[in-house]
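Summary of structural features
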Amino acid sequence: DICFSAAHVDDLFPFFLRHAKQIFPVLECKDDLRKISDLRIPPNWYPEARAIQRKIIFHSGPTNSGKTYHAIQKYLSAKSGVYCGPLKLLAHEIFEKSNTAGVPCDLVTGEERVTVAPDGKQAAHVACTVEMCSVTTPYEVAVIDEIQMIRDPARGWAWTRALLGLCAEEVHLCGESAAIDLVTELMYTTGEEVEVRNYKRLTPISVLDHALESLDNLRPGDCVVCFSKNDIYSVSRQIEIRGLESAVIYGSLPPGTKLAQAKKFNDPNDPCKILVATDAIGMGLNLSIRRIIFYSLTKPSINEKGEREIEPITTSQALQIAGRAGRYSTQFKEGEVTTMNREDLSLLKEILNRPVDPVREAGLHPTAEQIEMFAYHLPDTTLSNLIDIFVDFSQVDGQYFVCNMDDFKFSAELIQHIPLSLRVRYVFCTAPINKKQPFVCSSLLQFARQYSRNEPLTFAWLRRYIKWPLLPPKNIKDLMDLEAVHDVLDLYLWLSYRFMDMFPDASLVRHLQKELDGIVQDGVHNITKLIKISETHKLLNLESLSAGSQSRLSETLKSQARRTRSTKRESKAAEPPSCSAGDRSLASRLVQQGLLTADMLKQLEKEWLTQQTEHGKERTESGTYSKGTRRKKKEPDSD
């Protein structure tokens, strides 16, 4: 027994402090950690750029104003240049445009490197995705496209890095006027002046005074914009019932399929005259659209805290999408914008007339070196926790914020139990994956496991893993499975440029991916047939709820949904309970609309399972539950 009665509190404090430092090792080295995570004065991170006096030109204007065209003309006429775009499609477009114009240009994206010179020597011009630009190579002209994305909660750091770090005599920025003030402030800290060139839209665009109200009123050149895949499927099916043909474009389609659908819609000799698309058309595709029709004005989004929300689209998003109508150099010289529903039209006008919120902050994120130094001081801490501690300790200047690291942490937790060096683990966690796709997530895990065993991921192994050859899709589930496999091949290619020895067969995999793109293209070409089959076999439920049941559902759920709409929804929460596929479609739709939350979905799943137990197993055994044609993917052996 220890007697404390005679002891003074001062005598106990050293023992308490020793214990606290064992439990919280951060306390032992917090001053060092604070120094490592000091993100103030980012311009000083790029000494090569600070060594030259750069000329900054901001090309400001709405969509279809020619701002990017003028910047690209400067890029093409320069002795050397770099184009930094937000999408692979845009990098590809500039790559092709440059080479067609007789200016040799290389391509660099996360998953692809193309060198045009036969001897493999680097060209003086390069088109790349913004994350891939070099901040040590000198150029005469640099173009940074969509500079307003510097505020993007997840990717903003890449625009900050390009803006502060590119070693170019002239840096041409293209984007919304909302970013001018922030860019000017940031360049003031580097001692560089910003020249602003303003552009006006080249073709007129008008918001109509009447909504579409019915798909019977569709005309050639119309584009119906939806913010959920279910709406895409539903609208496509309804258009087909009316004897019309439509093209379909949404975010998770492979780039080749998007381009094929855009070409089909743009071709004046093709019977396809209607486009059904998500906001994926907002940038990266040249489309001949006469009228944009917003099917709804609410969109699921991720806020700064990584929480899922259902909110009306922003003015910036609405302008970006609406601006696709009546573009210069297309057959439609005037653009029109309206909504599907009459009650949305006044809200659309209000959104479009609001001033665009100014861009106030630029994104930053920790480097691999900083995380390594943190790990040196906290050797027993997981990578996910290191990121949390780093963000807590980090200090930033007023014009900056630390980007959301949730996707990174998701990957870190996924592969936490696999023995990897910290640098390799960091690289795996920066691999861009869609965490809503279970097969893509399990593939990252499997790739990391193979790597840790020092077993190269060969072409033969990968073919077995994805169960190649794959059959053409017979329903929508098959199509979504093929899209996931395409993403897995993208992941392989991305890793192959970081770990060439362990992912040795990039060229063979790229050829395989092109074949898969062709299969997906055929599936999307016949998408209405797939939707029809899926509905017939109850794999997809596109029927609207009756007005009565909808209002009852709203009364029951909306108040609860409002209270919980800002609650974090993990990707699994968006996955439906493992009940019949018809219910699955309804569940995902309700989650998307913000009427269901993670807890409510789990409760429904428990109730359903209880009900199934009471009713016995007859339905399961009789094969009521529909199955896709592709088998469930098992974790392959390591052979």
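Note that this is a predicted model, so its numbers are computed, not measured.

Another point: the pattern of salt bridges. Within the structure shown, the criterion is met by 25 salt bridges. Ionic pairing is found between E195 and R197, a salt bridge with its closest N-O pair at 2.8 Å. According to the relative accessible area criterion, R197 is partly exposed, its value standing at 28%. When the shortest N-O distance is used, the salt bridge between E350 and R354 registers 3.0 Å.

Okay, the packing of helix α9 (residues 255-266) against helix α19 (residues 506-525) next. The geometry of α9 relative to α19 is characterised by a closest axis approach of 9 Å and an angle of 40 degrees between their N-to-C directions. Viewed along their axes, α9 and α19 adopt a mutual orientation that is oblique. Here α9 runs over α19; the crossing is right-handed. Counting all contacts with α9, which are made through G256, T257, A260, Q261 and K264, the residues of α19 involved are D517, V520, Q521, V524 and H525. Its residues placed into classes, the contact of α9 with α19 shows three nonpolar, five polar and two charged.

Here the focus is the nonpolar core. Counting 129 residues, the largest nonpolar core has I144, L173, I415, F428, F447, F499 and F503 as its most contacted members. Setting aside chain neighbours within four positions, we find F503 in contact with F428, F447, Y451, L457, Y492, L495 and S496. Core analysis: the second largest hydrophobic core is formed by 27 residues, L285, I289, L297 and L352 among them.

Here the focus is the packing of aromatic side chains. Counted according to the given criterion, the structure contains 13 aromatic pairs. Consider the rings of F447 and Y465, whose centres lie 6.2 Å apart with planes at 55 degrees: the pair is tilted. You can see F447 sitting in helix α16 (residues 438-452) and its partner Y465 sitting in helix α17 (residues 459-466), a full 18 residues away along the chain. Within the aromatic cluster, the residues linked to one another by ring pairs are F439, F447, W461, Y465, Y492 and F503. Positioned above the aromatic ring of Y497, the side-chain terminus of R113 is 4.2 Å from the ring centre. Seen from the ring of W494, R498 lies directly overhead, with NZ or CZ sitting 3.7 Å from the centre.

All right, on to the side chain of D490 then. Topologically, D490 is positioned in helix α18 (residues 476-496). According to the relative accessible area criterion, D490 is buried, its value standing at 14%. Side-chain polar atoms of D490 contact the side chain of Q513, separated by 3.0 Å. Here D490 is in contact with K88, E111 and Q513, once residues within four sequence places are set aside.

Reading the values: the criteria
Residues numbered from 1 in each chain as written. Predicted model: local features only at pLDDT ≥ 70, side-chain atom pairs only at ≥ 80, totals over all residues. Heavy atoms only, no water. Salt bridge = Lys/Arg side-chain N within 4 Å of Asp/Glu carboxyl O. Buried < 20%, exposed > 50% of the residue type's maximum accessible area, 1.4 Å probe, protein only. Axes fitted to C-alpha atoms, helices over the stretch in contact; angles between N-to-C directions. Helix = DSSP H or I, 4+ residues; strand = E, 2+ residues; numbered from the N terminus. Parallel < 35°, antiparallel > 145°, perpendicular 65-115°, else oblique. Left-handed = near helix turned anticlockwise from the far one by under 90°. Contact = heavy atoms within 4.5 Å. Nonpolar A, V, L, I, M, F, W, Y, C, P; charged D, E, K, R; others polar. Core = buried A, V, L, I, M, F, W, Y, C linked by side-chain atoms within 4.5 Å. Phe/Tyr/Trp six-rings, centres within 6.5 Å; stacked < 30°, edge-to-face > 60°. Lys NZ or Arg CZ within 6 Å of the ring centre and 35° of its normal. Polar contact = N/O pair within 3.5 Å; in protein donor to acceptor, adjacent residues only side chain to side chain.

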